Amino acid sequence: MVKRHTYAVVDPASGKLVKEYPTATDETVDAALDAAAEVYAHWSRQTPVEQRAQLLHTVATLHGERSRQLAEIIHREMGKPVEEAVGEVEFSASIYRYYAENAEKFLTDEPIELLEGEGTAFVRRQPVGVLLGIMPWNYPYYQVARFAAPNLALGNTIVLKHASQCPESSAALQQLFTDAGFPQGCYVNVRATGEQIGRAIADPRVQGVSFTGSEQAGAEVAEKAGRSLKKVVLELGGSDPFIVLSTDDLDATVQAAVEARFENAGQACNAGKRFIVADDVYDAFLDKFTEKVLALTDGLAPLSSVAAAEYVEEQVGRAVDEGATFVSARQREGAYFPPGVLTGLSPASPSAAEELFGPVATVYRVGSEDEAVELANDTPYGLGSYVFTTDAEQALRVADRIEAGMVFINGVGLDGAELPFGGVKLSGFGRELGRAGIDEFANKKLIRTART
């Protein structure tokens, strides 16, 4: 049994401990904050953006050179198939490269046209200092890249607390930043406990916090940060709707639905989770979708842990008790949860409000566009969403009405380093990636000069 707060690599399939790592001492955490504050004061403020961008180029290059090695680490830690893990590493590299190539443009002074008076005014974006990142296990490299790349480009320094099951990937990232040439303290990995992180949030050396994880933990982080008047970015859970109103290629739409739900074994905050299908295509969609889902049974990876699979099993059991029907080819075996489809779940049932973080899709039938939008918005979450329709005007009309931070029309897998990522409601606040990602922890300083 792995102790609480222990950092350890555990075989996702069997639940057996592979290797355990000690948590940081209080002195280690304090030294990490000291190092980040020291390098911010003396290096970040004196380094031109061109130099920081060049270091990020090197980080991107090292991700590419070490992609297989990095992929094998997270395969051991959280069960992701190696080829999928290589894809994650390569996407992370593209994020570092994007900010390396665009940092100078993003940080160029922004002139303001004066309404009256003489002289000039402009906004200059500058770093704020040490940032604390608290990252999850489901995308160990990608989640870090979304946070680290824009902020290192800006000149902030980072203390990173990764998930307890990611001790080796987090150490590999710190080594990568060191090898890229970043001075010690620019990016510091700490295997901290929850109590130590709580103290770090309140520490005056820390100027902001980025958290990705559950809404319960996010609320605790936000509360602690709020008491210390610290800026927070939260990327929390999601129960994203996948709306099918019409299609001229049902097979392609079904394939897109499968990809939206089952990437990373269904363990993605922004996966399509609730499939809301118009009445006239519902039966054909459900038949083809269920067939494809069941065909995934032999090839799907284990969930991140036995406990994670057990929890999904409990959630499905509750949904069935509330009147839903669950179709699957097998029973759970350890961390392997067979992919399946839930139907007949009442939107008013308690289970309908939960996020299913695993390979289970819930399918609903609706009779109109209005009913589809109402059901899509009938969730405490608001991260992403998908709309499939052959009517271009309807697509934009529905997209405008959906309560979510992101809407993808007639496509999946459309994320990119240049596109802002984030949500509303219980899915959190703030944005990562794109221009918005570099603005979250920037001091947008006004400089106003009178005529001299």
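Residues numbered from 1 in each chain as written. Predicted model: local features only at pLDDT ≥ 70, side-chain atom pairs only at ≥ 80, totals over all residues. Heavy atoms only, no water.

Observations regarding the sheet that holds strand 5 (residues 130-134)
- Spatially, six strands are ordered 7-6-5-8-9-19 in an open sheet, and the strand pairing comes out mixed. With one partner strand each, in any of the chains shown, strand 7 (187-189) and strand 19 (428-429) form the two edges of the open sheet.
- Examined bridge by bridge, strand 9 (residues 231-235) and strand 19 share two bridges and lie antiparallel to one another. Each residue of the ladder has a partner; that of Glu235, found in strand 19, is Gly428. (Pairing = 2+ DSSP bridges. Helix = DSSP H or I, 4+ residues; strand = E, 2+ residues; numbered from the N terminus.)

Looking at the environment of His63
- Counting through the fold element by element, His63 comes out in helix 2 (residues 49-65).
- Residue class for His63 comes out buried when judged on its relative accessible area of 0%.
- With 78 residues separating them in the primary sequence, His63 and Tyr141 have C-alpha atoms 9.6 Å apart.
- Those residues in contact with His63 that sit more than four places away from it in its chain are Leu70, Val89, Ser92, Ala93, Tyr96, Leu173 and Leu176.
- In this structure the side chain of His63 is engaged in a polar contact, spanning 2.9 Å, whose partner is the backbone oxygen of Val59. (Buried < 20%, exposed > 50% of the residue type's maximum accessible area, 1.4 Å probe, protein only. Contact = heavy atoms within 4.5 Å. Polar contact = N/O pair within 3.5 Å; in protein donor to acceptor, adjacent residues only side chain to side chain.)

Digging into the layout of surface pockets
- One number sums up the size of the second largest pocket: a volume of about 540 Å³.
- Lining the second largest pocket are 23 residues, with Phe91, Tyr139, Glu263, Gly413 and Asp415 positioned closest to its centre.
- Taken together, the elements giving at least two residues each to the lining of the second largest pocket come down to helix 4 (82-106), helix 5 (142-154) and helix 9 (250-262).
- For the lining of the second largest pocket, the element with the most residues is helix 4, which contributes four residues.
- Of the residues that constitute the lining of the second largest pocket, the class distribution is ten nonpolar, five polar and eight charged. (1 Å grid on protein atoms, 1.4 Å probe; cavity = no way out; pocket = protein on both sides within 12 Å on 5 of 7 lines; lining within 4 Å. Points joined across faces, edges and corners; volume = space filled by probe spheres on them. Nonpolar A, V, L, I, M, F, W, Y, C, P; charged D, E, K, R; others polar.)

Some remarks on the side chain of Ser304
- Here Ser304 is to be found in the loop between helix 10 (279-295) and helix 11 (306-321).
- For Ser304, a relative accessible area of 5% gives the class buried.
- The contact partners of Ser304, leaving out residues within four places of it in the chain, are Pro12, Met78, Trp137, Gln165 and Gln267.

What to know about the packing of aromatic side chains
- What the rule picks out here adds up to 17 aromatic pairs.
- Ring geometry for Tyr139 and Tyr142: centres 5.8 Å apart, planes at 80°, overall edge-to-face. Each member of the pair, Tyr139 as well as Tyr142, carries the same accessibility label: buried.
- In textbook terms, an aromatic cluster arises when at least three aromatic residues are bridged by ring pairs, as seen for Phe242, Phe275, Phe285, Phe289, Tyr386, Phe388 and Phe408.
- Lying across the ring of Phe421, Arg146 places its NZ or CZ 4.1 Å from the centre.
- One cation-aromatic arrangement involves Lys231 over Phe441; the distance from NZ or CZ to the ring centre is 5.5 Å. (Phe/Tyr/Trp six-rings, centres within 6.5 Å; stacked < 30°, edge-to-face > 60°. Lys NZ or Arg CZ within 6 Å of the ring centre and 35° of its normal.)

Topic: the sheet that holds strand 10 (residues 240-244)
- Within the open sheet, the seven strands sit side by side as 12-13-14-11-10-16-17. Their pairing is mixed. Each edge of the open sheet carries a strand with a single partner, namely strand 12 (325-328) and strand 17 (408-409).
- Here strand 10 pairs with strand 11 (residues 272-278) via five bridges, running parallel. What sits directly across from Phe242, in strand 11, is Phe275.

Some thoughts on the nonpolar core
- By size, the foremost hydrophobic cluster in this structure holds 90 residues, and its most contacted members are Tyr96, Tyr99, Phe182, Phe242, Phe285 and Phe289.
- The dominant element in this core, judged by the number of residues it contributes, is helix 4, at twelve residues.
- Excluding residues that lie within four positions of it along the chain, Phe182 makes contacts with Trp43, Leu55, Leu56, Val59, Leu152 and Phe177.
- Of all hydrophobic cores here, the second largest spans 26 residues; its members include Val312, Leu345, Val366 and Ala376. (Core = buried A, V, L, I, M, F, W, Y, C linked by side-chain atoms within 4.5 Å.)

Some words on the packing of helix 3 (residues 67-78) against helix 6 (residues 167-180)
- Across the interface, helix 3 lies against helix 6 with an axial gap of 8 Å and an inter-helix angle of 155°. The angle between the axes of helix 3 and helix 6 places the two elements in the roughly antiparallel class. Only Pro167, Glu168, Ser169, Ala172 and Leu176 of helix 6 make contact with helix 3, whose side of the interface consists of Leu70, Ile73, Ile74, Arg76 and Glu77. (Axes fitted to C-alpha atoms, helices over the stretch in contact; angles between N-to-C directions. Parallel < 35°, antiparallel > 145°, perpendicular 65-115°, else oblique.)

Describing the pairing of strand 11
- The element strand 11 is extensively covered by neighbouring structure, given that seven of its seven residues are classed as buried.
- Regarding topology, helix 9 serves as the crossover connection from strand 10 to the parallel strand 11, and that connection is right-handed.
- As judged from the five bridges shared by strand 11 and strand 14 (residues 360-366), these two strands associate in the parallel manner. Opposite Arg274, over in strand 14, you have Thr362 as the bridge partner. (Right-handed = clockwise from strand over helix to strand, strands pointing away.)

Looking at empty space enclosed by the protein
- Summed over all chains, the structure comprises four cavities of 30 Å³ or more.
- Considering only enclosed or pocket space, the largest cavity measures out at about 110 Å³ in volume.
- Lining the largest cavity we find 13 residues, and of these Leu345, Ser351, Glu354, Leu356 and Thr362 sit closest to its centre.
- Looking at the lining of the largest cavity, the elements with two or more residues in it are strand 11, helix 11 and strand 14.

Re helix 13 (residues 392-401)
- Taken together, the buried positions of helix 13 are occupied by Gln394, Ala395, Val398 and Ala399. Projection of helix 13 onto a plane perpendicular to its axis shows the buried side chains occupying an angular sector of 130°, all on one side. The exposed residues of helix 13 that point more than 90 degrees off its buried face are Ala392, Glu393, Leu396 and Asp400.
- If you follow the buried residues of helix 13, they end up packed against strand 10, helix 12 (369-377), strand 16 (386-388) and strand 17.
- Regarding helix 13, its N-cap is Asp391, as a side-chain oxygen of that residue lies 3.0 Å from the backbone nitrogen of Glu393 further along. (Arc of directions from axis to C-beta.)

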